[in-house]
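So you can see what is in the structure, the chains are spelled out below.
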Amino acid sequence: MSNTAPIKWAQRSDSLFITIALPDVKDETITLTDEELHFKGTSEGKPYEVNIKFFKPIDSKAEGSTYKVNPRSVQMHVMKIVEEKEDEDDEVFWPRLLQDKLLEKNQVKIDWDRYVDEDEEEEGFDTTGMDGMMGGAGGPDMGGMGGMGGMGGMGGMGGMDMEAMMKMMGGGAGGMPGMPGMGGGEGGMPDMAALQQMMGGMSPSGADIGADDADSDSDDEDDLPDLE
């Protein structure tokens, strides 16, 4: 005999968000019609089911009516049939989820994490990633994580692959290009003589600028008057 699955729900003016609060759901079947929702599945080795009739008819074939099986629950986004209000007394927000008040009291709870008052509604539910189709078996195919590409095409590096990076870096751990003796092949200390020779041709921070400063200081001393 199947157990009755607990349900949480919240709403907006155009849709419902229904959560079947069961972890690790397997072998699920979900059937949605304009008036009813039927669910069967197993959770932690026990069979569960849901058979409910909505307070009002919904649009089961709308593009936004989707579901997703998560590790801790099954979530459903169901579109209402939105009708133009003829007067201010027409209800856009439902007073409850089910037609049966007693079943609602025993089986359904408000999803306070998604709840908003009718006069405070600003936007619909966030359904990012909920691209399953109602009535199918199993959750939607999540595919791969977008924007990651491969290791050879990281953003901001011009699509450079690892081989090109190694060539640019001087062929590996031996050292940076144009810097002889930096690291040898064994990760040792740089050859200071070679480093000084290389830096002697660099400007403005090379060794030659130090020599120019020394000459300048010498010329200044020649120009000083003799002390009496």
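Residues numbered from 1 in each chain as written. Predicted model: local features only at pLDDT ≥ 70, side-chain atom pairs only at ≥ 80, totals over all residues. Heavy atoms only, no water.

- If you look the protein up in an unreviewed UniProt entry, it shows as CS domain-containing protein from Chaetoceros tenuissimus.
- As recorded by UniProt, the Sequence similarities (unreviewed entry) comment attached to the protein reads in full: "Belongs to the p23/wos2 family." (UniProt positions renumbered as here; feature names shortened; annotations may be inferred.)

## Topic: the sheet that holds strand β4 (residues 25–32)
Okay, so step 1: The strand order across the open sheet built from four strands is β1-β6-β5-β4, with neighbouring strands paired in mixed fashion. Strands at the two margins of the open sheet, each flanked by one partner only, are β1 (3–4) and β4.
Okay, so step 2: The pairing of strand β5 (residues 36–43) with strand β6 (residues 46–53) spans eight bridges and is classified as antiparallel. Bridge pairing links K40 to E49 in β6. (Pairing = 2+ DSSP bridges. Helix = DSSP H or I, 4+ residues; strand = E, 2+ residues; numbered from the N terminus.)

## Overview of the pairing of strand β9 (residues 74–80)
Okay, so step 1: The buried fraction of β9 is high, at seven of seven residues.
Okay, so step 2: Residues V74, M76, V78 and K80 point to one face of β9 and Q75, H77 and M79 to the other, with burial holding for every one of them.
Okay, so step 3: By the bridge criterion, six bridges tie strand β3 (residues 15–20) to β9 in an arrangement that is antiparallel. Considered in β9, the bridge of S15 is made with M79.
Okay, so step 4: The sheet contact formed by strand β8 (residues 66–69) and β9 spans four bridges and is antiparallel. Counted as the bridge partner of T66 is H77 from β9.
Okay, so step 5: The antiparallel pairing of β8 with β9 creates a hairpin that spans four residues between the two strands. (Buried < 20%, exposed > 50% of the residue type's maximum accessible area, 1.4 Å probe, protein only.)

## Here we look at the pairing of β3
Okay, so step 1: For β3, the buried fraction is high: six of the six residues fall into the buried class.
Okay, so step 2: Judged from the five bridges that link them, strand β2 (residues 7–11) and β3 form a sheet pairing that is antiparallel. Bridging from a neighbouring strand, K8 pairs with T19 of β3.
Okay, so step 3: Hairpin geometry of β2 and β3 is characterised by an intervening segment of three residues between the two adjacent antiparallel strands.

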